[in-house]
Amino acid sequence: MASGFFLDGGMIPRAAQRIIDERGEARHAAVSSTAVLEFRGRKHVVRLVNISASGAMVIFPHLPNIGERLVLQLLDRGVVSSQVRWVKDGRIGLSFASPLQ
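Residues numbered from 1 in each chain as written. Predicted model: local features only at pLDDT ≥ 70, side-chain atom pairs only at ≥ 80, totals over all residues. Heavy atoms only, no water.

Caption draft 1: Looking closely at the overall build of the protein. Secondary structure summary: the protein contains 0 helices and 6 strands in total. The order of helices and strands in the protein, counted from the N terminus, is β-β-β-β-β-β. If you sum the accessible surface of the protein, you get close to 7000 Å²; carbon and sulfur atoms cover 53% of it. (Helix = DSSP H or I, 4+ residues; strand = E, 2+ residues; numbered from the N terminus. Areas by Shrake-Rupley, 256 points an atom, 1.4 Å probe, with all protein chains shown as cover.)

Encoded structure:
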């Protein structure tokens, strides 16, 4: 049974702004600025902020649970299975089930 407890960026305080990029791979601007995200049985057009081989950041006003599995349809790459890694200020970070080619 789900507890109803959500982990979002507002609940995880950070004392200082990041001053270095700690990411494992480069992020790129998305080829298309939009995608379709399936969230709890409904499809939503979302704006892609950036994308890498292993994940993407999208603007999404709803609050999915950390770890929730979502389907993302990229206009230039088709359907990609993903998992929510973080949620903060109307944006969500998704990691892909398998790397994009």
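Caption draft 2: The arrangement of the sheet that holds strand E4 (residues 69–74) in detail. As summarised here, the arrangement of the 6 strands in space is E1-E2-E3-E6-E5-E4, forming a closed barrel in which the pairing is antiparallel. On average, each strand axis in the sheet is inclined to that of its neighbour by 45 degrees, with strand direction left out of account. Where strand E5 (residues 78–88) lies against strand E6 (residues 91–96), 6 bridges are found, and the strand directions are antiparallel. Along E6, the bridge assignment pairs Val84 with Leu94. (Pairing = 2+ DSSP bridges. Axes fitted to C-alpha atoms, helices over the stretch in contact; angles between N-to-C directions.)

Caption draft 3: Up close: the packing of aromatic side chains. One pass over the structure, following the stated rule, counts 1 aromatic pair. Relative to Phe60, the ring of Phe39 lies with its centre 5.2 Å away and its plane at 85 degrees, an arrangement referred to as edge-to-face. Linking Phe39 in strand E1 (residues 34–39) with Phe60 in the loop between strand E3 (55–59) and E4, this pair joins segments that are 21 residues apart in sequence. Take Phe39 and Phe60: they sit in the same class, and that class is buried. (Phe/Tyr/Trp six-rings, centres within 6.5 Å; stacked < 30°, edge-to-face > 60°. Buried < 20%, exposed > 50% of the residue type's maximum accessible area, 1.4 Å probe, protein only.)

Caption draft 4: Spotlight on the pairing of E6. Of all 6 residues that make up E6, 5 are buried, and the element is covered over most of its length. Pairing of E3 with E6 involves 5 bridges; the strand directions are antiparallel. Counterpart to Gly55 in the pairing with E6 is Ser95. Hairpin connection between E5 and E6: a loop of 2 residues separates the two successive antiparallel strands, and Asp89 in this loop has a positive phi of roughly 50 degrees.

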